[in-house]
Amino acid sequence: MTRSPDATDAAIITAFAGIPALLDLAPALIARGRLLDCDCRLGPMDHPFYAAIRAGRIVEFAPAPILMRSWRFSYRATTLAWASHWQAEPKPGWHDLLALTKRGEAVLEGDLHPFMTHLQYFKDLLALPRAHVQAVVS
């Protein structure tokens, strides 16, 4: 798959910056994460965001670089991966966070326990831009 000309790094960063607002519109997803309490790093490979998640809500979402910021786990992917993952109907291999790591388009590192324990929460959280991304990347 070739890189979409519309999938710029800036567009992906803009889409990521909107995730907390999208989460606020998803009370069922917040309820699913009610037992989740962690700090993590999520986003594009070179420009991740540091997320503080408390009881399923993102209470802080700060773009890198933040020196000496701790995190339990990190999930970062290429611009191509996010642009493909956020398509209305992603192609096989681009539709799932773990599939992206298998393709080598994403990196999952650190203490995987909170990520794996709340896997469906993170899959749904990181898919939130799917319905809204066309306006951002085009």
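All figures in this text were calculated on a predicted structure; none of them were measured in a lab. (Residues numbered from 1 in each chain as written. Predicted model: local features only at pLDDT ≥ 70, side-chain atom pairs only at ≥ 80, totals over all residues. Heavy atoms only, no water.)

Draft legend 1. Representation of the pattern of salt bridges within the structure. Inspection of the entire model under this criterion finds 9 salt bridges. Between R54 and D37 there is a salt bridge, with the nearest N and O atoms lying 3.2 Å from each other. Of this pair, R54 sits in strand β2 (residues 49-54) while D37 sits in strand β1 (residues 37-44); the two residues are 17 residues apart in sequence, bridging distant segments of the chain. According to the relative accessible area criterion, R54 is partly exposed, its value standing at 33%. For D37, a relative accessible area of 51% gives the class exposed. Two residues, R72 and D111, come together in a salt bridge whose shortest N-O distance is 2.6 Å. Of this pair, R72 sits in the loop between β3 (57-63) and β4 (73-77) while D111 sits in the loop between β5 (106-110) and α6 (113-117); the two residues are 39 residues apart in sequence, bridging distant segments of the chain. Using a relative accessible area of 36% as the deciding quantity, one classes R72 as partly exposed. For D111, a relative accessible area of 32% translates into the label partly exposed. (Salt bridge = Lys/Arg side-chain N within 4 Å of Asp/Glu carboxyl O. Helix = DSSP H or I, 4+ residues; strand = E, 2+ residues; numbered from the N terminus. Buried < 20%, exposed > 50% of the residue type's maximum accessible area, 1.4 Å probe, protein only.)

Draft legend 2. Geometry of the sheet that holds β1. The mixed open sheet is built from 5 strands, whose spatial order is β3-β2-β1-β4-β5. Where the open sheet ends on each side, the last strands, each with one partner, are β3 and β5. The sheet shows a mean angle of 20 degrees between the axes of neighbouring strands, taken without regard to direction. Looking at chain direction, β2 and β3 are connected through 6 bridges and run antiparallel. When the sheet's bridge partners are listed, A52 is paired in β3 with E60. Relative to β1, helix α1 (residues 9-17) is tilted by about 155 degrees, and along the sheet it contacts β1, β2 and β3. (Pairing = 2+ DSSP bridges. Axes fitted to C-alpha atoms, helices over the stretch in contact; angles between N-to-C directions. Contact = heavy atoms within 4.5 Å.)

Draft legend 3. Looking closely at the environment of L42. When you line up the elements, L42 lands in strand β1. Relative accessible area serves as the criterion here: at 2%, L42 is assigned to the buried category. Taking C-alpha positions, L42 is 8.8 Å from L126, a pair spaced 84 residues apart along the chain. Discounting chain neighbours no more than four positions away, the residues touching L42 are F16, P48, F49, A51, F73, Y75, L125 and L126.

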